[in-house]
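Tertiary structure, described
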Amino acid sequence: MKITFEDGNALTFMSSDGREDIEDTVDAINATYWLWAFSSPRLYGTFGRVPPRDHILRILDIYISYVKKGGRHTAPQFQPVHYERRLPLALRLRELFEQWTPPELPQEVVDISRALIEHEGIKTPACGWDTYEDPQEQGIKYEDTLLWPEGVPAILKGQWPPKRSKH
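The structure contained in this document is the topic of the report that follows. (Residues numbered from 1 in each chain as written. Predicted model: local features only at pLDDT ≥ 70, side-chain atom pairs only at ≥ 80, totals over all residues. Heavy atoms only, no water.)

Here we take up the packing of aromatic side chains. Overall, the coordinates contain 13 aromatic pairs when judged by the stated rule. Ring centres of Y33 and Y142 lie 6.2 Å apart, and the angle between their planes is 50°; on these two criteria the pair is classed as tilted. Taken together, the residues Y33 in helix α1 (residues 21-39) and Y142 in the loop between α5 (107-119) and α6 (153-156) connect sequence positions 109 residues apart. Y33 sits in the partly exposed class, given a relative accessible area of 36%. Centre to centre, the rings of F38 and F97 are 4.9 Å apart; their planes meet at 40°, and the pair counts as tilted. (Phe/Tyr/Trp six-rings, centres within 6.5 Å; stacked < 30°, edge-to-face > 60°. Helix = DSSP H or I, 4+ residues; strand = E, 2+ residues; numbered from the N terminus. Buried < 20%, exposed > 50% of the residue type's maximum accessible area, 1.4 Å probe, protein only.)

Right, here's the structure in full:
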């Protein structure tokens, strides 16, 4: 995977044997983080900015490609996982974002995002989607862990990876 930032710098992820495993994993994680944000209107409502439509469409195109390859980036947290349901849902989500009028998230976007998280084999937060809040870790806001057009803010700000204590 190659990420090109607006300033022209590039970040490339390659496995040691040249396979796309790392690429697929990073792409899927970035897309899943965005799906997680769209699954929780409460979390999304804390964002200080709105993602550009073209950026979300690009993320969804990457996710759709990953799904078409049969990608699975994480061990499922439950069984059975209906991976086969992802493609039609992802395609519909892309259609919705093509017509999206920011910043509001239509309920269908929220519902499909939640379903896609489930069909990736990831459990719903214990508190439920409607009460899920920003899980800030070491002062890093969820919004800053997402891939934006300029990159991942937490990385760009030097907040990631978190500093380890010397105990």
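All right, on to the side chain of H119 then. Locating H119 in the fold gives a position in helix α5. Excluding its chain neighbours within four sequence positions, the residues that come into contact with H119 are V81, H82, Y83, R85, R86 and L89. (Contact = heavy atoms within 4.5 Å.)

Our next topic: α5. Over its 13 residues, α5 extends 18 Å from the first C-alpha to the last, a length consistent with the 18 Å expected when each residue adds 1.5 Å. All of the buried residues along α5 are V109, V110, I112, S113, R114, A115, L116, I117 and H119. (Expected span 1.5 Å × (residues − 1).)

When you line up the elements, L96 lands in helix α4 (residues 86-98). Overall, L96 belongs to the buried group, its relative accessible area being 11%.

Take the nonpolar core next. Counting 37 residues, the largest nonpolar core has F47 and F97 as the members making the most contacts within it. Contributing elements (two or more residues each) for this core: α1, α2 (41-44), α3 (53-68), α4 and α5. Among the elements that line this core, the one with the most residues is α3, at eight residues. Every residue in contact with F47, bar those within four places of it in the chain, is listed here: W34, A37, Y142, E143, L146 and W148. (Core = buried A, V, L, I, M, F, W, Y, C linked by side-chain atoms within 4.5 Å.)

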